[in-house]
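Structural overview for review
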Amino acid sequence: MVTLEEQVTKILTTEETANIKKMIEKDHAIDCLFLLVLGRGKWKHAKEFMNEHGLTLSDGTYRSRMIEITQLGLAKAIPIDPLKKRYEITPKGKKIATALLELLQNI
């Protein structure tokens with residue numbers, strides 16, 4: 001049987017899970033994952049959603065988180081033009097976003 005300490009140690013020391021944990025700890029990372037799962041992977045659509053609900057998210061923070069999320073394989077970037085991209089969640093990203101949603105709903 002695997003102990004709780006062994007489970008925690010594995011999450012903290014395995015490169016993939018440690019990197020995902022580091023990203024999730026950053027400002028608005030969970031917001032961005034939720035936006036992706038809602039199909040709001042373009043800045044204009046993300047901003048509209050946040051504004052509709054009285055929430056804030058700067059374009060710089062959004063872009064930074066999306067780059068990190070993409071680098072971790074949780075989303076893919078699709079070029080719109082040389083300067084703009086839209087992002088789509090990957091199955092791995094959807095799995096993490098769904099788990100976070102369930103976790104937060106059960107608090």
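Our structure's up above, just so we're on the same page.
Residues numbered from 1 in each chain as written. Predicted model: local features only at pLDDT ≥ 70, side-chain atom pairs only at ≥ 80, totals over all residues. Heavy atoms only, no water.

Digging into helix 6 (residues 91–105)
We count it as follows: In this description a helix means any DSSP run of H or I spanning at least four residues, a strand means any run of E spanning at least two, and both kinds are numbered starting from the N terminus. Take the residue count of a helix, subtract one, and multiply by 1.5 Å to get its expected span. Using a 1.4 Å probe on the protein chains alone, a residue whose accessible area is under 20% of its type maximum counts as buried, one over 50% counts as exposed, and one in between counts as partly exposed. This arc corresponds to the set of directions leading from the helix axis out to the C-beta atoms. The contact criterion used is simple: two residues touch if any of their non-hydrogen atoms lie within 4.5 Å.
Taking 1.5 Å of rise per residue, the 15 residues of helix 6 would be expected to cover 21 Å, and the 21 Å separating its terminal C-alpha atoms lies within 8% of that figure. Residues G93, I96, A97 and L100 constitute the buried set of helix 6. Each buried residue of helix 6 sits inside an arc of 100 degrees when the element is viewed along its axis, so together they form one side. Exposed side chains of helix 6 directed beyond 90 degrees from the buried face belong to P91, K95 and Q105. Where helix 6 is buried, its residues meet helix 2 (15–24), helix 3 (29–37) and strand 2 (85–89).

Details of the nonpolar core
Defined as follows: Each nonpolar core is a collection of buried residues, namely Ala, Val, Leu, Ile, Met, Phe, Trp, Tyr and Cys, held together in the definition by side-chain atoms within 4.5 Å.
With 22 residues, the main nonpolar core has L33, Y62 and I69 as its most contacted residues. Within the residue set of this core, elements represented by two or more residues are helix 2, helix 3, helix 4 (43–52), helix 5 (59–71) and helix 6. In terms of residue count, helix 3 provides more of this core than any other element does, five residues in total.

What about the packing of aromatic side chains?
Keep this limit in mind: The rule is short: rings of Phe, Tyr and Trp, with Trp giving its six-membered ring, pair when the centres are within 6.5 Å, and they are stacked under 30 degrees, edge-to-face over 60, tilted in between.
Scanning the model with the defined rule gives two aromatic pairs in all. Ring geometry for W43 against Y62: centres 5.2 Å apart, planes inclined by 45 degrees, an arrangement best described as tilted. Here W43 is found in helix 4, whereas its partner Y62 is found in helix 5, with 19 residues between them in sequence. Note on W43: relative accessible area 17%, which makes it buried.

Concerning the pattern of salt bridges
Under the convention used in this document: Take a side-chain nitrogen of Lys or Arg and a carboxyl oxygen of Asp or Glu: if they are within 4 Å of each other, that pair is a salt bridge.
Here the structure, examined in full by the defined rule, presents six salt bridges. With its nearest N and O atoms 2.7 Å apart, the salt bridge here joins R65 to E68. Of this pair, R65 and E68 both sit in helix 5, three residues apart, which is roughly one turn of that helix. A residue is classified by how much of its surface remains accessible, and E68, at 16% relative accessible area, is buried. One salt bridge in this structure joins R86 and E88, with 2.4 Å as the shortest N-O distance. Residue classification places R86 among the partly exposed positions, given a relative accessible area of 33%. The exposure class of E88 is partly exposed, given its relative accessible area of 28%.

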